[in-house]
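The residues making up each chain are set out below.
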Amino acid sequence: MKMGTKGMIGQLISKSGDALRQLERDVETVVNVLQPGPLGIVEHKYTNKEIVDAKVSTEKAIESWRQASLKRKMTQKVNSKLDNS
């Protein structure tokens, strides 16, 4: 039985979503580790505004990457399925 395009896209989104959520958790861990503190940068105390601006910038970058990655993967999978039909 052949799966419809909607079914394939749904599966791709589901699998990609899980991988992206894991990647997001990993990136968040790295960002948290790099924040200043007892084991990090001690010469400079970041202001609340600097911290908020950095978080916003990071979230925008991650979301942009996530969307581009998802689009690229979905396009590759759809093209692969179309080539094999």
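In this convention, every chain numbers its residues from 1, walking through the sequence in written order. Residues qualify for local features only when their pLDDT is at least 70, as the model is predicted, and side-chain atom pairs are given and counted only at 80 or more; totals for whole chains, interfaces and linings, by contrast, use all residues. Computation of side-chain values: all heavy atoms of the structure, hydrogens and water removed.

Engineer: It is not clear to me how the overall build of the protein should be interpreted in this structure. Could you clarify?
Structural biologist: Helix and strand definitions here come from DSSP, where helices need a minimum of 4 consecutive H or I residues and strands a minimum of 2 consecutive E residues; each element is numbered from the N-terminal end. When its secondary structure is counted, the protein shows two helices and zero strands. For the protein, the proportion of its 85 residues judged to be buried stands at 8%. Counting only carbon and sulfur atoms, one obtains 59% of the accessible surface of the protein, whose full area is about 7200 Å². Here's how the labels work: a residue is buried when its accessible area is under 20% of the maximum for its type, exposed when over 50%, partly exposed in between, all with a 1.4 Å probe on protein chains only. Working definition of accessibility: Shrake-Rupley area with a 1.4 Å probe, residue cover restricted to the visible protein chains.

Engineer: Help me understand the environment of Leu20 in this model?
Structural biologist: Examined against the element boundaries, Leu20 turns out to sit in helix α1 (residues 5-34). A relative accessible area of 8% means that Leu20 is categorised as buried. Along the backbone, Leu20 and Ser69 are 49 residues apart, and their C-alpha atoms lie at a distance of 9.0 Å. Any pair of residues with heavy atoms lying within 4.5 Å of one another is described as a contacting pair. The residues touching Leu20, leaving out its near neighbours within four places in the chain, are Trp65, Arg66, Ser69 and Leu70.

Engineer: Whenever I open this one, the side chain of Arg66 confuses me. Can you help?
Structural biologist: Mapped onto the secondary structure, Arg66 falls in helix α2 (residues 48-84). For this analysis, a polar contact is any N or O atom pair within 3.5 Å, provided that within protein one partner can donate a hydrogen and the other can accept it, and provided that sequence-adjacent residues contribute only side-chain to side-chain pairs. At 2.5 Å, the side chain of Arg66 and the side chain of Glu63 are in polar contact. When residues no more than four places from it in sequence are discounted, the contact partners of Arg66 are Leu20 and Glu24.

Engineer: Mind showing me how you'd approach the environment of Gln35 here?
Structural biologist: Relative to the assigned elements, Gln35 resides in the loop between α1 and α2. With relative accessibility at 36%, the residue Gln35 sits in the partly exposed group. Distance in space between the C-alpha atoms of Gln35 and Tyr46 is 9.5 Å, their sequence separation being 11 residues.

Engineer: Teacher, can you tell me more about the environment of Gln22 here?
Structural biologist: When you line up the elements, Gln22 lands in helix α1. Overall, the relative accessible area of 37% leaves Gln22 in the partly exposed class. For Gln22, the side chain forms a polar contact with the side chain of Asp26, separated by 2.9 Å.

Engineer: Can you walk me through the pattern of salt bridges in this structure?
Structural biologist: A pair can form between side chains of opposite charge whenever their charged atoms are brought close. We define a salt bridge as a contact between a side-chain nitrogen of Lys or Arg and a carboxyl oxygen of Asp or Glu at a distance within 4 Å. Enumeration according to the criterion identifies three salt bridges in this entry. Between Lys49 and Asp53 there is a salt bridge whose closest N-O contact spans 2.7 Å. Placement of both Lys49 and Asp53 in helix α2 is noted, with a separation of four residues, approximately one turn of the helix. On the accessibility criterion, Lys49 (57% relative accessible area) is exposed.

Scope: geometric values only; no functional claims are made or implied.
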